[in-house]
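# Residue-level structural notes
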Amino acid sequence: MTMIFNDPQHALGWAYETCSRPIVKISSVNAMRGTDGAGEGANGELTAYDRHAQAALILGLCERVLPALHMAYVSVQFGREASGLDLLARHLAANFGTGMHSRRGTEQIIRSYCGEKSGLRELRKSMACGMLKAASLRNRGYDALDMIHNQAMDILQKEMEIRDLLRSPMVGEMA
């Protein structure tokens, strides 16, 4: 039995969240969860070990099929891992063209795209430019990150459909 997801974003969010939680093997916790100890959860649900294994398989799939830039994006956006910031920052700096660009400002754009609260004034200060230039750089950065996001999700959509990890469109419409 495997988890079925609505889309690749749902699968990635679930996989990173699952991997971040430890597997706890305490009889009292298992009793509260209702497991029967036969290797399968109550009502045929996945055990904690099964969930972690499936999450690892999803992340492994991402590492196999996604190019390095897209994998860096996925690790920053869904895994909240700083390891992908360097590659994304270099990509955005190349997108911005020639001129002085603050590494800190570029990372600020990436972090704000990924949900961190950051204002335009802070970006303007770290980029050492005016408000219009800061807004323009932020918008260009967001556009570049949108493109990376869409490409990564398209690749993962195809791969996850092949492996039957996603709900079919007909099932979603009937429910």
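### A short note on unusual backbone geometry
- Of note in this structure, arginine 80 is not a glycine but carries a positive phi near 55°.
- Assignment of secondary structure puts arginine 80 in the loop between helix 4 (68-77) and helix 5 (85-96).
- Look at aspartate 164: it is not a glycine, yet its phi comes out positive at around 55°.
- Structurally, the position occupied by aspartate 164 is in the loop between helix 8 (131-162) and helix 9 (169-174).

### Observations regarding helix 8
- With 32 residues, helix 8 should cover 46 Å at 1.5 Å per step; its first-to-last C-alpha distance of 46 Å lies within 8% of that length.
- Among the residues of helix 8, those classed as buried are Ala134, Ala135, Leu137, Gly141, Ala144, Leu145, Ile148, His149, Ala152, Met153, Leu156 and Met160.
- Those residues of helix 8 that are buried lie in contact with helix 1 (8-20), helix 3 (48-65), helix 4, helix 5, helix 6 (103-113) and helix 7 (120-127).
- One or two positions beyond helix 8, positive phi appears at aspartate 164, with a value near 55°.

### Let's talk about the nonpolar core
- Residues Leu12, Ile58, Val74, Leu88, Ile110 and Leu145 are the most contacted members of the largest nonpolar core, which totals 42 residues.
- It is helix 8 that provides the largest number of residues to this core, a total of 9 residues.
- When sequence neighbours within four positions are dropped, the list of residues in contact with leucine 145 reads Tyr73, Leu88, Leu92, Ile110 and Tyr113.

### Let's talk about the packing of helix 6 against helix 8
- Look at helix 6 against helix 8: their axes get within 10 Å of each other, and the N-to-C directions meet at 55°. Classified by the angle between their axes, helix 6 and helix 8 sit oblique to one another. Of the two possible hands of crossing, helix 6 and helix 8 adopt the one that is right-handed. Here helix 6 contributes Ile109, Ile110, Ser112 and Tyr113 to the contact with helix 8, which in turn contributes Leu137, Arg138, Gly141, Tyr142, Leu145, Asp146 and His149.

### Points about the packing of aromatic side chains
- For the coordinates displayed, the defined rule picks out 3 aromatic pairs.
- Judged by centre distance (5.2 Å) and plane angle (50°), the ring pair of phenylalanine 5 and tryptophan 14 falls under tilted. In this structure, phenylalanine 5 and tryptophan 14 share a single accessibility class: buried.
- Taking 5.4 Å as the distance between ring centres and 65° as the angle between the ring planes, the aromatic pair formed by tyrosine 113 and tyrosine 142 counts as edge-to-face. Residue tyrosine 113 is located in helix 6, and its partner tyrosine 142 is located in helix 8; the two are separated by 29 residues in the primary sequence.
- Take tyrosine 113: its relative accessible area is 17%, and that puts it in the buried class.
- Feature note: the residues Tyr73, Tyr113 and Tyr142 constitute an aromatic cluster, connected by ring pairs.

### Description of helix 6
- Burial runs high along helix 6: 8 of the 11 residues are buried.
- Three or more residues of helix 6 are buried, namely Gly105, Thr106, Glu107, Gln108, Ile109, Ile110, Ser112 and Tyr113.
- Close packing links the buried residues of helix 6 with helix 4, helix 5, helix 7 and helix 8.
- Where helix 6 begins, the capping side chain belongs to serine 102, and its oxygen is found 3.2 Å from the backbone nitrogen of arginine 104.
- Positive backbone phi, at 110°, marks glycine 115, one or two positions downstream of helix 6.

### Notes on the environment of histidine 149
- Among the secondary structure elements, histidine 149 is positioned in helix 8.
- Put simply, histidine 149 and tyrosine 73 are 76 residues apart on the chain and 7.4 Å apart in space, counted from C-alpha to C-alpha.
- In this structure histidine 149 touches Gln9, Tyr73, Phe78 and Tyr113, once residues within four positions along its chain are discounted.
- Separated by 2.8 Å, the side chains of histidine 149 and tyrosine 73 make a polar contact.

Calculation rules
- Numbers given to residues run from 1 along each chain, matching the order in which its sequence is written.
- With pLDDT at 70 or above as the cut-off, local features in this predicted model cover only qualifying residues; side-chain atom pairs require 80 or more to be listed or tallied, and sums for whole chains, interfaces and linings still use all residues.
- Side-chain numbers come from the whole structure's heavy atoms, not from hydrogens or water.
- Secondary structure counts use DSSP, requiring at least four H or I residues in a row for a helix and at least two E residues in a row for a strand, with both numbered from the N terminus.
- Expected helix span is taken as 1.5 Å per residue step, with the number of steps being one fewer than the number of residues.
- Partly exposed residues are those whose accessible area sits between 20% and 50% of the maximum for their type, while under 20% is buried and over 50% is exposed, using a 1.4 Å probe and protein chains only.
- By definition, residues are in contact when any of their heavy atoms lie within 4.5 Å.
- Residue types Ala, Val, Leu, Ile, Met, Phe, Trp, Tyr and Cys, when buried and joined through side-chain atoms within 4.5 Å, form a set referred to as a nonpolar core.
- Note on definitions: angles span 0 to 180 degrees between N-to-C directions of axes, and those axes are lines fitted to C-alpha atoms, for helices only across the stretch in contact.
- Any angle that is under 35 degrees is reported as roughly parallel, and any over 145 degrees as roughly antiparallel; angles of 65 to 115 degrees are reported as roughly perpendicular and all others as oblique.
- Rotating anticlockwise by less than a right angle from the far helix to the near helix defines a left-handed crossing, while the corresponding clockwise rotation defines a right-handed one.
- What counts as a ring pair is set by centres within 6.5 Å for rings of Phe, Tyr and Trp (its six-membered ring), and what kind of pair is set by the plane angle: stacked under 30 degrees, edge-to-face over 60, tilted for all other angles.
- Here a polar contact is recorded for every N or O atom pair within 3.5 Å, except that within protein the pair must consist of a potential hydrogen donor and a potential acceptor, and residues adjacent in sequence are included only if both atoms are side-chain atoms.

Structural measurements only, silent on function.
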